[in-house]
Amino acid sequence: MTNIEKYNKAFVDNFNIEEQELSSISYQSISAWDSIGHMGLIASLEETFDIMMETDDIIDFSSYLKGKEILKKYDIEL
Amino acid sequence: MTSNSKLLKGKTAIITGCLKGIGRATMDLFAQNGADIFACCQFESEEFKHHIEVLSKDTCVLIYPLYFDLCDSEQIKTAIKFIRSAKRNIDVLVNIAGMTQDALFHMTTIDQLKKIFEVNFFSQIMFTQYVTKLMLQNKTGSVINISSISAIDGNMGQLSYSSSKAAIIGATKTMSIELAPYGIRVNALAPGVIKTDMTANLPIDILDKQLGKIKLKYFGFPLEVASSILFLASDMSSYITGQIIRIDGGMQ
C-alpha cells in the first residue's frame, strides 16, 4: 500500500466515508470529524506512519489537504 | 490466588516510577494479577533487572523494562515508539513517578516550583497524552494518577508538591470528561503518609504529629495503595471515572 493509500484509508476507516469525498473535507465539515473523531484520526495516522505529532500540528490538522502538508514535516511523502 | 481470580489477566499496563515504593508494589501486584507490564523507571539497576526477571518468571507475565527521563520529551517519544512497536493494546496507565522538595511558602523559589511541576505534572500530562492516543482506538482503558492528600488538605512546607498534586486532580477530572467518549476512565488516588523513601527522611516529630491525625494509627504500606490502583485498573471499577480516592487511614 502506498503512503497516499494509507493516508486515505485512515480517513475512510475513521469517518466511514467514500474516498471521492476526501479532498473536500475539513474539520467539522462532516459529523464524524468532530473533536472525538479528530483524535481517532490522529491516532490512526500516528500508528500507520510510526510518527508522533506535535500538539501544534494536531491542532493545525484542519482538513484533508492541510494534513498532507503537515505529514511532510514528518518526512511522509504522499 | 488462583488464575481465575486474576483481575488483570490478558491486559497490558504501563506503570511509571516502578523502581521502588508504590510503583514497585503496583508492578508486583499487577504481575500477580496477570497483567503484562511496561515498567518505566528513570534509572537502570541490577537489583531491578533481577527483580523483574524473577517476577516475570514466577507470575508468567511479560515485563518490559523501559528506562527514560520523564522530563525529557525526546526520551518520552522514544519510549512511546517502543511501546507502540510492541503492537499490544494498552489497557492501563498508572502515573506514579513523582518527587517532592519541601520548603515553606516564602522559602519556595519559582525555579523549585517549576522543577516540581515539570516532574509531577507537565511530564505526566505529556506522557498521558501519548499513551491515551494508543488507547483511543480500542475504545477502552483506565488511567490512574497519583495525587496526594496534601493537594486536598494542604500541608506545611509542601507548597510545590501539594500544588502540583492539586493540578493532577484538576487534570484527572477534565481528562475523565474528555476521554469518556472513548471508553477511557481516568481516576486519581490521594495517598496519605505511606512508608516509602519519600517519607523515610521526614523528622520524627513531624511523623509523630502526622500519626496523631490518622484514625487507623499506622502509616500506610505501598501495597495498600497498590491494591486500590489494582481495583481502579480492573473491570471491577468499570463504572468509576473522574474520582479522587483518599488512601490515608482516615486522616483528619
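Structure shown above.
Residues numbered from 1 in each chain as written. Chains lettered and ligands numbered in written order. Predicted model: local features only at pLDDT ≥ 70, side-chain atom pairs only at ≥ 80, totals over all residues. Heavy atoms only, no water.

A. Expanded view of the interface of chain A and chain B. With 16 residues of chain A at the contact, the number on the chain B side is 12 residues. With both chains or domains summed, chain A and chain B bury close to 1,300 Å², and 52% of this area falls on carbon and sulfur atoms. On the chain A side of the interface with chain B, the three residues burying the most area are A:Ile36, A:Glu47 and A:Met52, jointly 48% of the side's total. Between the two partners, chain A and chain B, sit three salt bridges. Seen at the junction of chain A and chain B, the total is eight residue pairs in polar contact (both at pLDDT 80 or more). Of all the elements in the fold, those that place two or more residues in the side of chain A that touches chain B are α2 (35-49) and α3 (55-60) of chain A. With nine residues, α2(A) is the single largest residue contributor to the side of chain A that touches chain B. The residue makeup of the side of chain A that touches chain B, split by class, is eight nonpolar, four polar and four charged. (Contact = heavy atoms within 4.5 Å. Buried area = accessible area lost by both parts, 1.4 Å probe. Salt bridge = Lys/Arg side-chain N within 4 Å of Asp/Glu carboxyl O. Polar contact = N/O pair within 3.5 Å; in protein donor to acceptor, adjacent residues only side chain to side chain. Helix = DSSP H or I, 4+ residues; strand = E, 2+ residues; numbered from the N terminus. Nonpolar A, V, L, I, M, F, W, Y, C, P; charged D, E, K, R; others polar.)

B. Looking closely at the pattern of salt bridges. All names here are of chain B. According to the stated counting rule, one finds 15 salt bridges over all chains in the structure shown. A salt bridge links Glu-47 to Arg-24; the nearest nitrogen and oxygen atoms lie 2.8 Å apart. Taken together, the residues span a long stretch of sequence, with Glu-47 in helix α2 (residues 46-59) and Arg-24 in helix α1 (residues 21-32) at a distance of 23 residues. For Glu-47, a relative accessible area of 47% puts it in the partly exposed group. The salt bridge involving Arg-246 is made with Asp-153; its shortest N-O contact spans 2.7 Å. Residue Arg-246 is found in strand β7 (residues 244-247), and its partner Asp-153 is found in helix α5 (residues 149-153); the two are separated by 93 residues along the sequence. Owing to a relative accessible area of 31%, Arg-246 belongs among the partly exposed residues under this scheme. What makes Asp-153 partly exposed here is its relative accessible area of 47%. (Buried < 20%, exposed > 50% of the residue type's maximum accessible area, 1.4 Å probe, protein only.)

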